[in-house]
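Listed below, chain by chain, are the residues.
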Amino acid sequence: EMDLLAGFWGECCIFEADAWTASAELLAARDRWAQENGIDVRKLPKGKTWGACLQRKGCCAKQRTITRQTVRGWRGVSLVGADVSQTLDFEEGDH
């Protein structure tokens, strides 16, 4: 499964310790990338397998509170072209 995702990691992701991306955004970007590259989305890892792929890339699951809602996400990764202020990992009120 890692080989299938190599292009996604390289083209769409930036791995930095203080980055953070919402799980839903990351999955949407992955699926969009797959469709654009003729890859069957159904063949991509899901659930815990997807999480394990991210962990092998050095990411860890981390929730954030955004406008009083808990959002699941991944620390250690941001998407190319994302608004940096939305992807830095800080607790609400830290800035």
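In what follows, the structure referred to is the one given above.
Here goes a summary of the coordinates provided. (Residues numbered from 1 in each chain as written. Predicted model: local features only at pLDDT ≥ 70, side-chain atom pairs only at ≥ 80, totals over all residues. Heavy atoms only, no water.)

**Some remarks on the state of the cysteines**
Within the structure shown, the criterion is met by zero disulfides. Cysteine Cys13 is unpaired, with the sulfur of Cys12 as its nearest cysteine sulfur at 6.1 Å. Under the relative-accessibility criterion, Cys13 is labelled buried at 8%. For Cys59, which is in no disulfide, the shortest distance to another cysteine sulfur is to Cys60 and amounts to 7.6 Å. Using a relative accessible area of 4% as the deciding quantity, one classes Cys59 as buried. (Disulfide = S-S within 2.5 Å. Buried < 20%, exposed > 50% of the residue type's maximum accessible area, 1.4 Å probe, protein only.)

**Things to note about helix α3 (residues 47-56)**
All buried positions along α3 are accounted for by Trp50, Gly51, Cys53 and Leu54. One face of α3 carries all of its buried residues, which in axial projection span an arc of 155 degrees. Of the residues one or two after α3, Gly58 is the one with positive phi, at around 95 degrees. (Helix = DSSP H or I, 4+ residues; strand = E, 2+ residues; numbered from the N terminus. Arc of directions from axis to C-beta.)

**Here's the deal with the packing of aromatic side chains**
The final tally for this structure, using the stated rule, is five aromatic pairs. Relative to Trp50, the ring of Phe8 has its centre 6.5 Å away and its plane inclined at 45 degrees; by these criteria the two rings are tilted. Highlighted residues: Phe8 in helix α1 (residues 2-12) and Trp50 in helix α3, separated in sequence by 42 residues. Each member of the pair, Phe8 as well as Trp50, carries the same accessibility label: buried. Through a chain of ring-to-ring contacts, the aromatic side chains of Phe8, Trp9, Phe15, Trp33 and Trp50 assemble into a single cluster. Above the ring of Trp20, the side-chain terminus of Arg64 is found at 4.6 Å from the ring centroid. (Phe/Tyr/Trp six-rings, centres within 6.5 Å; stacked < 30°, edge-to-face > 60°. Lys NZ or Arg CZ within 6 Å of the ring centre and 35° of its normal.)

**A closer look at the pattern of salt bridges**
Counting across every chain of the model gives two salt bridges. Asp31 is paired through a salt bridge with Arg30; the nearest N and O atoms lie 3.0 Å apart. Arg30 gets classed as buried once you look at its relative accessible area, which sits at 4%. One salt bridge in this structure joins Arg42 and Asp40, with 3.1 Å as the shortest N-O distance. (Salt bridge = Lys/Arg side-chain N within 4 Å of Asp/Glu carboxyl O.)

**What about unusual backbone geometry?**
The backbone of Thr67 shows a phi angle near 45 degrees, a positive value even though the residue is not glycine. Following the sequence through the fold, Thr67 ends up in the loop between β3 (64-66) and β4 (69-71). Exposure remark for Thr67: the relative accessible area of 65% places this residue in the exposed category. A positive phi angle, near 65 degrees, is found at Arg68, a position not held by glycine. With respect to the helices and strands, the residue Arg68 is situated in the loop between β3 and β4. The exposure class assigned to Arg68 is exposed, which follows from its relative accessible area of 82%.

Coordinates in, geometry out; function isn't part of it.
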